[in-house]
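Structural characterization, general
The primary structure of each chain is shown beneath.
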Amino acid sequence: MRFVKYLPVLLAILTLSCTAVHPNIRSISEGDVNLFLNQTPAAEEHPNAGANLLYSYGYVEFFEDGTSVTKSLYRIKIFNERGRNFASQSISYREGYQTVKILFANTIKPDGQIVPLNLGDVHDSSEYTGYEFYTDIRVKKFTMPAVEDGCVIEYAYEIRNLKPLLSFDYSDNFFLQNYFPIEKDVLEIVLPAGTVLKYKNFNTDLVPEITSERNKKKYIFLNSKQKEILPESRMPSLLDRDTFPQVAFWTLESWDVISKWYVNLVREQMKSDSELESFTRQLIEGKITDEEKINAIFNFVSQNIRYIAVLLGPHTHKPHAANEIFRKRYGDCKDKTVLLLTMLKIAGIEGIPALVPSSGKYFDDARPTLSAFNHIIAVVPFNGNYLWLDATNETASYDSPPFTLPTKVFLIREDGSYEFVTTPALNDKKDFYHLDVKYDINMEGNADIEYSYRFFGKAAESIRKSFKYLPPEQRRKFFENRGIEVRELHLGSFTETREPFFIRLSGNIKNLAQVLDEEIMVLSNVISFDSYKDITAAGSRTYPINLSQSIFAKETYSYKFPAGFKIKRLPEKYTMDKPFRYRNEKYTFKGSVFHVSLESKNEELTIYLHDIDKFKQTALELQKRESSVKNIIFEKK
């Protein structure tokens, strides 16, 4: 099964045909419709499913000239309203690059009546509304007619790829399970005899049937009778090869094909002119060190060249010329990167491109394919290490890690050679935030507030960008929506990305403390954190738990109470130091001030089934801790 949860997105131009052109792609209408319907599974057999994939057939053939054709048939039984999303389809296509022919599309009602799709119900629009001038990718949308519980929808299409981006680069996944039951799923791949299909199995022993005929080799994968995946809280992605059975396959022999092809695209477009050279030299004038020059150039490109996705003609992967990008002042990741590399070269600094995989931690560097990547950054060798420059990130500093998690990227050197390098992890001493809040509580439980938030390194990027694009009044409302009446608000620089970003405000907040009477006040929810209640509430589990990483945080809270109030019971110091979480809580009370100090960080980690009971026990202990400090009582003595 090659589509994940919803119907596939096809790169195609839409036409309609009356008959199928492949012996394995035939409509139900060609046989005994009622007999077919009687043999389909009933909804009662799959009470958790909204639909059932009765039959999927995919045929992929590559020709000697590098062009290819894909023929597909999907037949789905709709059980209930949860499965009706399968009846709505979106077909993306690039004008002039692909053609598609819909062979047939029908809804078969429970009584056997066949209702075909009306071509007039197909609607065409730009894939990216508002950016029509920067992409030739369009989308045709339609929904199958007469859909009701118990009906079967079927549709078949043929795609011809007329202008391949990289010849004989084919890669895909054959998922043996999905979020719906599968009755039968067939994939047939036909390649010229000189092109070998490589494949790798994960959690399955499925092997293709391989046959040869004249100058072609055929691979047929068959999968059948698979139960649906029942979603669980914090479960792994379907791409997780350690959890879900799948077969990965590809055709390229090595990554050299990609590195040598792409370095030429970049090199050809690193075009300068007198205007760009003059501007670059003025920009770095007075900058002594390479770091100062890199900082100036990176800030210009990231902050002054607008990000606009340009997927037009050959420019899905080919950058525009650097001097053109400079004049127009817009471009996408590949454009901004090629301009950055060109300006660095003018400054006498070596930089190289790096392709970034779309699948993150699921990227497989043993499986060469251009389709693995959807982003590009610039990399500068520096002092035996690298500087990672993502020119699409306008609030990044040139010396920050490019991503919150270490990511393996594909570095392409000037001679076309390549290297896989993993980007650095966050540094808790450089990438963190510190929140300091002081409350002065009166006898009514209301409080004056002095609020100071400082974000350092990678932690500053998203919050800096969020406030940068908020209008001034909305910045105040951000805090008003949290119950704070703002008197004064001061924000750090939106452009000095090497400096910490700060938020300082003063104001007041109503009913911070609950006043029970003149001698008792209660603070509630002084601290809050994820205690994994969704995990402990589940009786059993089928899949591992995926825990996410957070930024390292330091938080201090001071609550000044009216004279004479004392804390009834001071919470004990608490420390948790597990592979998935660090947390340290300290509490003091001096004079009339209750002080809370916190440090915390969550780590990305997978909890496998054999460790889940142990994890649940830890989570329950954490919940007890959360409850023990939920309400803190203060009494007037």
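Procedures and definitions
Every chain begins its residue count from 1, and numbering advances along the sequence as written. For this predicted model, a pLDDT threshold of at least 70 governs which residues receive local features, and a threshold of 80 or more governs which side-chain atom pairs are given and counted, while totals over whole chains, interfaces and linings are taken from all residues. For the side-chain quantities, the full set of heavy atoms in the structure was used; hydrogens and water were omitted. Ring geometry is summarised as follows: Phe, Tyr and Trp rings, the Trp one being its six-membered ring, pair when their centres sit within 6.5 Å, and such pairs are stacked at plane angles under 30 degrees, edge-to-face over 60 and tilted between the two. Burial classes follow relative accessibility: with a 1.4 Å probe on protein chains only, a residue under 20% of its type's maximum area counts as buried, one over 50% as exposed, and anything between as partly exposed. Strands here mean DSSP runs of E at least two residues long; helices mean DSSP runs of H or I at least four residues long; both are numbered from the N terminus. Each ring is checked for a lysine NZ or an arginine CZ that lies within 6 Å of its centre and within 35 degrees of its normal; such an atom marks a charge sitting over the ring. When DSSP finds two or more bridges between two strands, those strands count as paired. Only the contacting stretch of a helix is used when fitting its axis, a line to C-alpha atoms as for every element, and angles between N-to-C directions run 0 to 180 degrees. Every angle not falling under 35 degrees, over 145, or within 65 to 115 is termed oblique; those three ranges are roughly parallel, roughly antiparallel and roughly perpendicular. Note: crossing handedness is left-handed where the near helix turns anticlockwise from the far helix by less than a right angle, and right-handed where it turns clockwise. Any pair of residues with heavy atoms lying within 4.5 Å of one another is described as a contacting pair. As a working rule, the residues Ala, Val, Leu, Ile, Met, Phe, Trp, Tyr, Cys and Pro are called nonpolar, Asp, Glu, Lys and Arg charged, and the rest polar, with Gly in that last group. Think of a nonpolar core as a cluster: buried Ala, Val, Leu, Ile, Met, Phe, Trp, Tyr and Cys residues, connected wherever their side-chain atoms sit within 4.5 Å. Any residue with relative accessible area above 30% and no salt bridge may belong to a patch, with like charges joined within 9 Å and the nonpolar Val, Leu, Ile, Met, Phe, Trp and Tyr side chains within 5 Å. Values of accessible area rely on a 1.4 Å probe in the Shrake-Rupley scheme; residue burial ignores everything except the protein chains shown. We define a salt bridge as a contact between a side-chain nitrogen of Lys or Arg and a carboxyl oxygen of Asp or Glu at a distance within 4 Å. Under this definition, polar contacts are N or O atom pairs within 3.5 Å; protein pairs additionally need one hydrogen-donor-capable and one acceptor-capable atom, and for neighbouring residues in sequence, both atoms have to be side-chain atoms.

1. So, the packing of aromatic side chains
Any two aromatic rings considered together are summarised by their centre-to-centre distance and by the angle between their planes. With the rule as written, the count across this model stands at 46 aromatic pairs. Each ring, one from Tyr-418 and one from Phe-420, has its centre 6.0 Å from the other, and the planes form 75 degrees; the classification is edge-to-face. The class of Tyr-418 is partly exposed, set by a relative accessible area of 29%. Residue Phe-420 is classed as partly exposed on the basis of its relative accessible area, which comes to 21%. Aromatic pair Phe-561 and Phe-634: ring centres 4.0 Å apart, planes at 25 degrees, arrangement stacked. Here the residue Phe-561 occupies a position in the loop between strand S29 (552–560) and strand S30 (565–567), and Phe-634 occupies one in strand S35 (residues 631–636), the gap between them amounting to 73 residues. Like Phe-561, the residue Phe-634 is buried in the burial classification. Following the ring pairs from residue to residue traces out a cluster consisting of Tyr-433, Tyr-451, Tyr-453, Phe-455, Phe-467, Phe-478, Phe-479, Phe-494 and Phe-501. A cation sits over an aromatic face here: Arg-241 above Phe-202, 5.2 Å from the ring centre. Over the ring of Phe-478 we find Arg-482; its NZ or CZ atom is 3.7 Å from the centre of that ring.

2. Side note on the pairing of strand S23 (residues 447–456)
Inspection of the sheet shows strand S22 (residues 432–441) paired to S23 by 10 bridges, in the antiparallel sense. When the sheet's bridge partners are listed, Asp-440 is paired in S23 with Asp-448. Taking the residues that link successive antiparallel strands as the turn, the S22-S23 hairpin has five residues, and the phi of Gly-445 there is positive, at about 90 degrees. Here S23 runs beside strand S25 (residues 501–509); their pairing, made up of nine bridges, is antiparallel.

3. Considerations on the packing of helix H3 (residues 274–283) against helix H6 (residues 333–346)
Closest axis-to-axis distance for the H3/H6 pair is 9 Å, and the angle between their directions is 70 degrees. Between H3 and H6, the crossing angle belongs to the class labelled roughly perpendicular. In this structure, H3 crosses over H6, and the sense of that crossing is right-handed. Across from Leu-276, Glu-277, Phe-279, Thr-280, Arg-281 and Leu-283 in H3, the residues of H6 making contact are Leu-339, Thr-342, Met-343 and Ile-346. Residues of the contact of H3 with H6, tallied by class, amount to six nonpolar, two polar and two charged.

4. Remarks on the environment of Phe-552
Inspection of the secondary structure assignment puts Phe-552 in strand S29. Overall, the relative accessible area of 11% leaves Phe-552 in the buried class. Contact partners of Phe-552, with chain neighbours within four places excluded, come to Asp-428, Asp-431, Phe-432, Tyr-433, Tyr-582, Glu-599, Ser-600 and Lys-601.

5. Description of the nonpolar core
In terms of nonpolar packing, the biggest core is built from 55 residues, with Tyr-439, Ile-441, Ile-503, Leu-523, Tyr-559 and Phe-594 touching the most fellow members. If near-sequence neighbours (up to four positions away) are discounted, Leu-523 is found in contact with Ile-441, Leu-512, Ala-513, Tyr-559, Phe-561, Phe-594, Lys-630, Asn-631, Ile-632 and Phe-634. By size, the runner-up hydrophobic cluster in this structure holds 45 residues, among which are Phe-326, Ile-349, Leu-387 and Ala-391.

6. With respect to a nonpolar patch on the surface
On the surface, Tyr-199, Val-207 and Ile-210 cluster together into a nonpolar patch covering about 260 Å² of accessible area. Tracing the backbone shows Tyr-199 in strand S11 (residues 198–202).

7. Thoughts on the side chain of Asn-546
Along the chain, the position of Asn-546 falls in strand S28 (residues 545–547). Reaching out from Asn-546, the side chain makes a polar contact with the side chain of Thr-606 at a distance of 3.0 Å. With near-sequence residues (within four places) excluded, Asn-546 lies in contact with Arg-234, Met-235, Pro-236, Ser-237, Lys-361, Tyr-362, Leu-605 and Thr-606.

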